[in-house]
Amino acid sequence: MVMWRGRKGLNRSPAAGSELAAAVWHSRIFKKPMNTRSEPLSSSPSLPPSIESSPLYNPDLAPAKSEQRHWGTYNYAALWVSMSVNILTYMLAASLIQGGMNWKQAVATVFMGNSIVLIPMLLNSHPGARYGVPFPVLARASFGVLGANVAAVLRALVACGWFGIQTWIGGEAISTLIATLAPSWAQFPFSTAICFMAFWLINLAVILKGIEYVRYLQGISAPVLLAVGLLLLGWAYHSAGGFGPMLSTPSRFRSFAEFLKFLVPALNATVGFWATVSLNIPDFTRFARSQRQQMIGQALGLPATMTLYSLVGILVTSATVVIYGTAIWDPVQLLSRFHSPVAVVISLAAILLATLNVNIGANVVSPANDFSNLWPRKISFRTGGVITCFMGIALMPWKLLASYQTLIFGWLGAYAAFLGPVAGIMICDYFVLRRRVLILNDLYLRGGAYEYSSGFNWAALGSLTLGAATALVGLVIPALRTLYDYSWFVGFTVAFITYYGWMRTRGETRPSAVEESG
């Protein structure tokens, strides 16, 4: 029998970071060696009863079983197409035009931002696919089995904000749709608020269907919204007199220094746009058939789709400058100016479908798991989704969408200061310190490898605090504004370096002693 030294005595897993001990433990428990070179996906064996009765366990947080791992390259590419082809992608790109960029500058900014965020996206995808665990469970390895709740709640609150924003856009679309059919509706003072609540209820109903409903929605929404984008592009081409006038809208920046002042926060916002999903991507890659398929699917789906659909928003918004004399960055408001009721109804119905899809896929799956992680025995995935719905209202999305400045400089920049450090800590922990080796069972146990100090890894929490504070200091000290403009990058770098140094100093990555007995 194998005995691990520690507080619990017998039958204890090796301590955190011990690659050798983890391999020995794996071979003893599963009766086969751990092949760390070929990095096979975990076979997700049945967890022992001691783990299934743990307060850190529930079925929604358990490793994905073999029969659940049926997502291939197409599913991940389709997931990104369905999540990227949405109104906020259009609005983010359109806000760059409204902020003063020309179409080339805006397209380049979107492409660079999404190419950058793809890197942490793929890095965090790896442990999800290999071990079959969702984001909040993976975070236990670096933050501790209880400290992971801090990272999970930070990510969940951001997702709740996005949920509210998407739901508000859907409510606006419904209100505009009704006003097209019954013009007197537009005079009603609470029309948008009523439609917001109606769309909120639709989202709630879909949440109760569960995770597999996402795969159904993603297959039908993206093509429909692509058609809407092409419709708007065709209208812009015709109304503006061709691509020439659309592409001739000049940059409003008079010098490179002035352009750079806007580019930096815009690029940071573009990275921050998907910084949320770059953390919780294990919630999806845990269902992957292989590492190769999930990586190829995501690499094909994210940068290309975001850039191409952003181009639609950029061109159409450039055309509104020619047609109306001002940039209209909200497609719902733009559609309300159309004179064809049929075109308006079809377009807004498509927007509703796509908004519903991205809301569930990008803004509900993660916080539902995150809230479930707070109290696994009582909060299920569906209950977590319901909590997300109510938090989405509490964060007042109508204020976050008040202007493009609020969206880019306020919302996206602020939360990037917190999510960048979380990404830095998790990537450093998994790839640099643990070298991709985790002890699966101990992620669900108190007193195991990831217990640290009463469930909290203060090295991770301290690094998170320092990384976020360094980025946010730019809001307080004008001379250091650049730190805030680069909030995601600054937070990531500071937290990564601090966490690595702290853990190495404490010797947290040294192998545990393993004894053979009997």
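Let me sum up the structure you'll find in this document. (Residues numbered from 1 in each chain as written. Predicted model: local features only at pLDDT ≥ 70, side-chain atom pairs only at ≥ 80, totals over all residues. Heavy atoms only, no water.)

1. Overview of the overall build of the protein chain
Piece 1. Within the protein chain one finds 23 helices and two strands.
Piece 2. Counting only residues that meet the buried cut, the protein chain has 58% of its 518 residues in that class.
Piece 3. Counted over contacts in the protein chain with a minimum sequence separation of 6, partners at least 24 positions apart contribute 83%.
Piece 4. A total of about 19900 Å² of accessible surface is found on the protein chain, and carbon and sulfur atoms cover 65% of it. (Helix = DSSP H or I, 4+ residues; strand = E, 2+ residues; numbered from the N terminus. Buried < 20%, exposed > 50% of the residue type's maximum accessible area, 1.4 Å probe, protein only. Contact = heavy atoms within 4.5 Å. Areas by Shrake-Rupley, 256 points an atom, 1.4 Å probe, with all protein chains shown as cover.)

2. Examining the packing of aromatic side chains
Piece 1. Scanning the entire structure with this criterion turns up 25 aromatic pairs.
Piece 2. Ring plane angle 65° and centroid distance 5.7 Å describe the contact between Phe253 and Phe259, whose orientation is recorded as edge-to-face. The pair Phe253 / Phe259 is uniform in exposure class, with both members buried.
Piece 3. Relative to Trp274, the ring of Phe273 has its centre 5.1 Å away and its plane inclined at 85°; by these criteria the two rings are edge-to-face. Per residue, the accessibility class of Phe273 equals that of Trp274, and both read buried.
Piece 4. An aromatic cluster is present here, built from Trp80, Trp162, Phe273, Trp274 and Tyr415 joined pairwise through their rings. (Phe/Tyr/Trp six-rings, centres within 6.5 Å; stacked < 30°, edge-to-face > 60°.)

3. Details of the pattern of salt bridges
Piece 1. Scanning all chains against the criterion turns up four salt bridges.
Piece 2. Among the salt bridges present, the one from Arg446 reaches Glu451, with a minimum N-O distance of 2.7 Å.
Piece 3. With a relative accessible area of 6%, Glu451 lands in the buried category.
Piece 4. One salt bridge in this structure joins Arg481 and Asp485, with 3.2 Å as the shortest N-O distance. (Salt bridge = Lys/Arg side-chain N within 4 Å of Asp/Glu carboxyl O.)

4. Concerning the side chain of Gln294
Piece 1. Secondary-structure assignment places Gln294 in helix α14 (residues 291-324).
Piece 2. On the basis of relative accessibility, which here comes to 0%, the residue Gln294 falls in the buried class.
Piece 3. Polar side-chain contacts of Gln294 include one of 2.9 Å to the side chain of Gln291.
Piece 4. If sequence neighbours within four positions are ignored, Gln294 has contacts with Tyr76, Ser125, His126, Ala129, Thr285 and Ala288. (Polar contact = N/O pair within 3.5 Å; in protein donor to acceptor, adjacent residues only side chain to side chain.)

5. Focus on the environment of Leu300
Piece 1. By secondary structure assignment, the location of Leu300 is in helix α14.
Piece 2. With a relative accessible area of 56%, Leu300 lands in the exposed category.
Piece 3. Sequence-wise, Leu300 and Tyr74 are 226 residues apart; in three dimensions their C-alpha atoms are separated by 9.7 Å.

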